[in-house]
Amino acid sequence: MAKIGINIATGSLQQPEMIVGIDLGTTNSLVAIIHPETKMPIALKEFDGSSIVPSVVHFDAFGNVEVGAAAKPFLETDPANTIFSAKRLMGKSYKDIQTHQDFFAYKIIDDNNDSLVKVQVGDQFYSPIELSAHILTALKNRAEHILKTPVSKAVITVPAYFNDTQRQATRDAGKLAGLDVLRIINEPTAASLAYGLGLDPSEEKTIAVYDLGGGTFDISILKISGGVFEVLSTNGDTYLGGDDLDRAIIEYWMGLMKIDSLEDQKILKQQLRLAAEEAKITLSNAANFETNFAGETLTITKEIFESLITGIIDKTMGCCAKAMKDAGLKVADINTVLMVGGSTRVPLVKNTVSKYFNQAVNDTVNPDEVVALGAAVQADILAGNNQSMLLLDITPLSLGIETMGGLMDVLLPRNSKIPTQAGRQYTTQKDGQSGIQIAIYQGERDLVKDNRKLGEFTLSGIPSMPAGLPKVDVQFLINADGILQVRAKELRTGLTQSIEIKPQYGLTDQEVEQRLMDSITYAKEDIATRALVEAKTEAEQILSVTEKFMSKNMALLSKAELMQTAEAMQALQLAITMEDKNLIQGKTEALNELTRPFAERVMDQAISGALKGKGIMD
Ligand code: AMP
């Protein structure tokens, strides 16, 4: 296995390239580096002095894309074409976000199934990965503009609770933006690194990281031991943050002005929102706030503001208590409390947290920048510049298996520390399928044909079941010597098969490097191909389900409905042949829309049938 910071991560040792640290946030994103002279982490600022890039992407009618501060005003003036909070959609299916759909002002496609969400802007469909890639590209451009050098390597942070799919989606977004993502690290871990915690291998500490941003709240309890960070527990509320504090002020003022609603007065509504945020920020350092709004003087005191937001802050403390309980810890076990996120500047927040943990909180590092700064510290460690850090063994290339349509499904991303283990469940595609082939590949490309095949085996003897019913658990285990064992087990029958492979065998460092370079060079094509294959696979599944459904329930449908469905199926089939991703997604959506009421009708029929049955029994 390779060593971080020598030949794999840095490329050439003579001319180490700058690795940037990126905080890809829900509301705001930032990019940071270690200053070459001072050796201190700094967030990169544009000439306007701001280090923050709002995580907002706007598409105009001519296909132009604007990101960040330039896109933000369109949130009010052109909401349907302005995407915010794309991070909330990363690695999510429509079912995951269904209950929060009102939150999003743009169109999220409802496929009514488990596939990943897409956003519709005009006649184009975007995945959250593509949207995040736009933000990452803006950060990369900012870094290149300021540093006057190409930037192609990054460490990106994610919430500690992000699952494998969400982490992989973040990696893919980086790749699409032309960035080699050396490591995905947890946001609370990054915050700790920015405070210099975890850099001394002899240090043992338990830390609470309280992160209250613009729209989300996270509490994480971490344990640092021997330079390794372990997440003991996380809790939070993905729809609670500074925006709620603003809303409390808005409601208070509307009450004073006896205004019920500003829904149909967009400009006034926006003005009031901005005034409320200004009030909140002012009250972090002053006792009163006063402003003019539509000819009236609006005021608020710190005391009133605090009384309005006590409930919101108490809610975050409830999450802290749950996280502590899950970690099995008492307040006295926490050695350090770190404050992260712009909203922790509110004095009542700091005081309440400090009271709960019974100690002064750490708030000396800028709470907006702390996560990006920590990512830069991690980047510096990976570059091999921080000699005091332990070098850990890692996997230099990603390892995964082939799935439908020749796609690479990564189980162990590159740069995973070893020994390590990862697993995922798969199923059969055809009714009565008795064997499932596991082909193992190594590499960063989206199609297995561009990666390196390490071996394959077949798990055979699966008893006859309908497609989708068998559950095959595939486990990848790498031991300390870098030997990979792949194990497949059908969970209903216990049927097991495995293989052992040495992934690094016969691969030189130059070849590893070449594979990494290729994955960046071809990222755009690769991701487009993956999106097309996924759209085709989904479309084919829907066609086959519809076909089965139609032949079974023909009697329930009118002649016109049968005709319409046949036409919609034909149109989708044609779109598949044309290999046009947007057209396929459009036609899939159309077929779904058309057939949804049929399924409901069959369900009603089945229920009334069941009720009748029950009546006879009685
Ligand atoms: P973040 O998502 O971490 O960038 O946090 C942004 C949130 O912090 C927004 O809701 C801001 O209004 C809020 N914020 C920024 N500065 C202050 C301040 N001085 N006092 C209170 N809230 C602030």
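Above this text you will find the structure in question.
Residues numbered from 1 in each chain as written. Predicted model: local features only at pLDDT ≥ 70, side-chain atom pairs only at ≥ 80, totals over all residues. Heavy atoms only, no water.

A. Spatial organisation of unusual backbone geometry. Positive phi outside glycine occurs at K39, with the angle close to 65°. Considering the arrangement of structural elements, one finds K39 in the loop between β3 (28–34) and β4 (41–43). For K39, a relative accessible area of 58% corresponds to the exposed category. The backbone phi angle of N358 is positive, close to 60°, even though this residue is not glycine. By the element assignment, N358 lies in the loop between α9 (347–357) and α10 (370–382). The class of N358 is exposed, set by a relative accessible area of 66%. (Helix = DSSP H or I, 4+ residues; strand = E, 2+ residues; numbered from the N terminus. Buried < 20%, exposed > 50% of the residue type's maximum accessible area, 1.4 Å probe, protein only.)

B. Structural context of the packing of aromatic side chains. Evaluated as defined, the whole model comprises eleven aromatic pairs. Centroid distance F84 to F104: 6.5 Å. Interplanar angle 25°. Geometry classified as stacked. With F84 in strand β8 (residues 82–84) and F104 in the loop between α2 (94–97) and β9 (107–108), the pair connects residues that are 20 residues apart, well separated along the chain. Of the two residues, F84 and F104, neither departs from the other in class, the shared state being buried. Aromatic side chains Y161 and F162 sit 6.0 Å apart centroid to centroid with 70° between the ring planes, which places their arrangement in the edge-to-face category. Taking relative accessible area as the criterion, Y161 reaches 35% and is therefore assigned partly exposed. Using a relative accessible area of 7% as the deciding quantity, one classes F162 as buried. A connected cluster of aromatic rings, assembled from ring pairs, spans F84, F103, F104, Y106 and Y239. One cation-aromatic arrangement involves R88 over Y239; the distance from NZ or CZ to the ring centre is 4.4 Å. (Phe/Tyr/Trp six-rings, centres within 6.5 Å; stacked < 30°, edge-to-face > 60°. Lys NZ or Arg CZ within 6 Å of the ring centre and 35° of its normal.)

C. Seen up close, the pairing of strand β12 (residues 153–158). β12 sits mainly inside the fold: six of its six residues count as buried. Residue alternation in β12 divides its side chains into two sets, K153, V155 and T157 and A154, I156 and V158, and both sets are buried. Across five bridges, the pairing between strand β2 (residues 19–23) and β12 is parallel. Across the sheet, residue I22 finds its bridge partner in β12, namely I156. Summarising the sheet, β12 and strand β13 (residues 180–186) pair through six bridges and their orientation is parallel. Each bridged residue has a counterpart across the sheet, and for V158 the counterpart in β13 is N186. Read as a crossover between parallel neighbours, the route from β12 over helix α4 (residues 164–176) to β13 is right-handed. (Pairing = 2+ DSSP bridges. Right-handed = clockwise from strand over helix to strand, strands pointing away.)

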